[in-house]
Amino acid sequence: MNLFEVYPLYDIEPEKGVGEFIWDTKGEKYLDLYGGHAVISIGHSHPHYVQKISDQLKKIGFYSNSVHIPLQHELADKLGSVCGYEEYKLFLINSGAEAVENALKLASFKTGKKKVLTFSKAFHGRTSAAVEVTENMAIQAPINKNGHAVFSPFNKVEGLEEHFLQGDIAAVIVEGIQGVAGVNVASEPFLKQLRGLCNKHKAVLILDEIQSGYGRSGKFFAHQYAGVKADIICMAKGMGNGFPIGGILISPDFEASYGLLGTTFGGNHLACAAAAAVLDVIKKENLMENAATVGEKFIEELKLLPGIVEVRGRGLMIGVEFDFTIEALRKNLLFKHKIFTGNSSNKNTIRLLPTLGISYASLDLFLEALKKETALIA
Ligand SMILES: Cc1ncc(COP(=O)(O)O)c(C=O)c1O
């Protein structure tokens, strides 16, 4: 049987990973500054993570949400103590798009409304409502185009209230830092304005922290730099360090009732063991602090390089915009220098999403490679 081929592939087959490095089947070693798309938060094959998942698998890997699963409470406790939202409730699913679907559904249940205010270049996933609030018409099928999304310019405060005055906005959804768009940080005035307007017009403020959350920005959630609180926060990617898990944090203003939400796999034993291990490591190895300090220094050093128009981001979510398209540069970084980087919908921007424990020494490897490549282009 052939695969349904939707992914353009690099001719590389990774077979081992340790920390910020991976090795392919030919024995080549690569520096991973992409983290499998912001997923590898605590590093590849972290021993504590491997141990916790292996131990759990030997006991029980899965049972449905019809029985007690104490690991879910352990995960919620650990999350509550590090994320700044201790009084919120946790609902577990398996992916980012599912987190967004459930957040939007809850907002619609609560307000009885259908429209969602979302922003230019937003990416929230590929399932029905998530893709509808994503500003990429090429990935929306006719079945996704239901007129629920109202798009407004990202980071533009002027004119925002006009959308609410129509009276049909159930929710606002915004990324703490836009990822797929090329790393655009949601500004403090923008987030504060959204918070104020959601309060005034009784709409639900949803922060999509699927890419920018879990310590990547140097705070647990990127929007916490703006000092605002969301009503629902979406999480996935770094939450399981590669084990599929997603979650939403739900404000105490929402009331749960049996059957309101549900999932077969969400919150299973293995996923919870993986996610709890991730939080143990984030705490024990001070990974949020590492992301903040290493990221800050790295951003400053990147700004000094030639050919760079702008360096955006916070912590270890970094967009480097060049004065040329980056496709060839990324290929050279990968095949000549053995460094994985990410791209974005901004054709001139490289996205860096390394493990939160990355060392300065590894980032220096990237700086040296970049200097050589940009010198060749100049
Ligand atoms: C901000 C954001 N939201 C949602 C998603 C969708 O997550 P998933 O691919 O796990 O469905 C992504 C994935 O890239 C994302 O970056």
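Everything below is about the structure shown above.
A short tour of the structure in this document, coming up. (Residues numbered from 1 in each chain as written. Predicted model: local features only at pLDDT ≥ 70, side-chain atom pairs only at ≥ 80, totals over all residues. Heavy atoms only, no water.)

### Points about the overall build of the chain
This is how the line gets drawn: Helix numbers and strand numbers start at the N terminus; a helix is a DSSP run of H or I with at least 4 residues, a strand a run of E with at least 2. With C-alpha atoms as the basis for the radius of gyration, the globule rule is written as 2.2 Å multiplied by the number of residues raised to the power 0.38. Relative accessibility thresholds used throughout: buried, under 20% of the residue-type maximum; exposed, over 50%; partly exposed, between the two (1.4 Å probe, protein chains only). Should any heavy atoms of two residues lie within 4.5 Å, those residues are counted as being in contact. Only the protein chains shown count as covering a residue, and every accessible area follows the Shrake-Rupley method with a 1.4 Å probe. When charges are counted, Lys and Arg are positive and Asp and Glu negative, with His and the chain ends excluded. By convention, the point assigned to a charge is CZ for Arg, NZ for Lys, CD for Glu and CG for Asp.
Looking only at helices and strands, one finds 11 helices and 16 strands in the chain. Relative to the compact-globule value of 21 Å for 378 residues, the chain shows a C-alpha radius of gyration of 20 Å, a close match. Dimensions of the chain, computed from C-alpha atoms along their principal axes, come out at roughly 55 × 55 × 45 Å. A burial count over the chain gives 52% of its 378 residues as buried. Considering only residue pairs separated by 6 or more positions, the chain has 72% of its internal contacts joining residues 24 or more positions apart. Carbon and sulfur atoms form 55% of the exposed surface of the chain, whose accessible area is close to 17600 Å². Of the side-chain charges in the chain, 39 are positive and 41 negative, and the distance between the mean point of each set is 1 Å.

### As for the site of the ligand
Stated formally: The rule for a residue being near a molecule or strand is that one of its heavy atoms must lie within 4 Å of it. By the criterion applied in these results, polar contacts are pairs of N or O atoms within 3.5 Å in which, for protein atoms, one can donate a hydrogen and the other can accept it, and in which residues neighboring in sequence qualify only through two side-chain atoms. Each cavity reported here is a set of points on a 1 Å grid over the protein atoms alone in which a 1.4 Å probe fits but cannot get out, each pocket an open set with protein on both sides within 12 Å along at least five of seven lines, and each lining residue one with an atom within 4 Å of a point. A molecule is counted as occupying a cavity or pocket when more than half of its atoms fall within 2 Å of that pocket's grid points. Under the scheme applied, nonpolar residues are Ala, Val, Leu, Ile, Met, Phe, Trp, Tyr, Cys and Pro; charged residues are Asp, Glu, Lys and Arg; polar residues are all the others, including Gly.
Lining the immediate environment of the ligand, one finds His37, Ser95, Gly96, Ala97, Phe123, His124, Gly125, Glu175, Asp208, Ile210, Gln211 and Lys237. Note that an oxygen atom of the ligand is positioned 2.8 Å from one of the backbone N or O atoms of glycine 96. Within the side chain of glutamine 211, an N or O atom sits 2.8 Å from an oxygen atom of the ligand. Contact with the protein chains covers 82% of the free accessible surface of the ligand, which is 390 Å². Among the detected pockets, the ligand sits in the largest pocket. Across the shell around the ligand, the residue classes break down as 3 nonpolar, 6 polar and 3 charged.

### Comments concerning helix α10 (residues 327-335)
The condition is simple: Here the arc refers to the set of directions running from the helix axis out to each C-beta atom.
Along α10, the positions that sit buried rather than exposed are Leu329, Arg330, Leu333 and Leu334. Along the axis of α10, the buried residues cluster in a sector spanning 130 degrees; they form a single face. Facing away from the buried side of α10, by more than 90 degrees, are the exposed residues Glu327 and Ala328. Next to the buried residues of α10 lie β3 (29-32), β14 (317-322), β15 (339-340), β16 (349-352) and α11 (360-377).

### Some thoughts on the pattern of salt bridges
What counts is decided by this rule: A carboxyl oxygen of Asp or Glu within 4 Å of a side-chain nitrogen of Lys or Arg is what we treat as a salt bridge.
Per the stated rule, a full pass over the model turns up 14 salt bridges. A salt bridge links glutamate 188 to lysine 192; its shortest N-O distance comes to 2.6 Å. Taken as a pair, glutamate 188 and lysine 192 lie in helix α7 (residues 188-201) at a separation of 4 residues, close to a single helical turn. Owing to a relative accessible area of 41%, lysine 192 belongs among the partly exposed residues under this scheme.

### Brief notes about the side chain of aspartate 32
Its place among the elements puts aspartate 32 in strand β3. Only 2.7 Å separates the side chain of aspartate 32 from the side chain of histidine 44, close enough to count as a polar contact.

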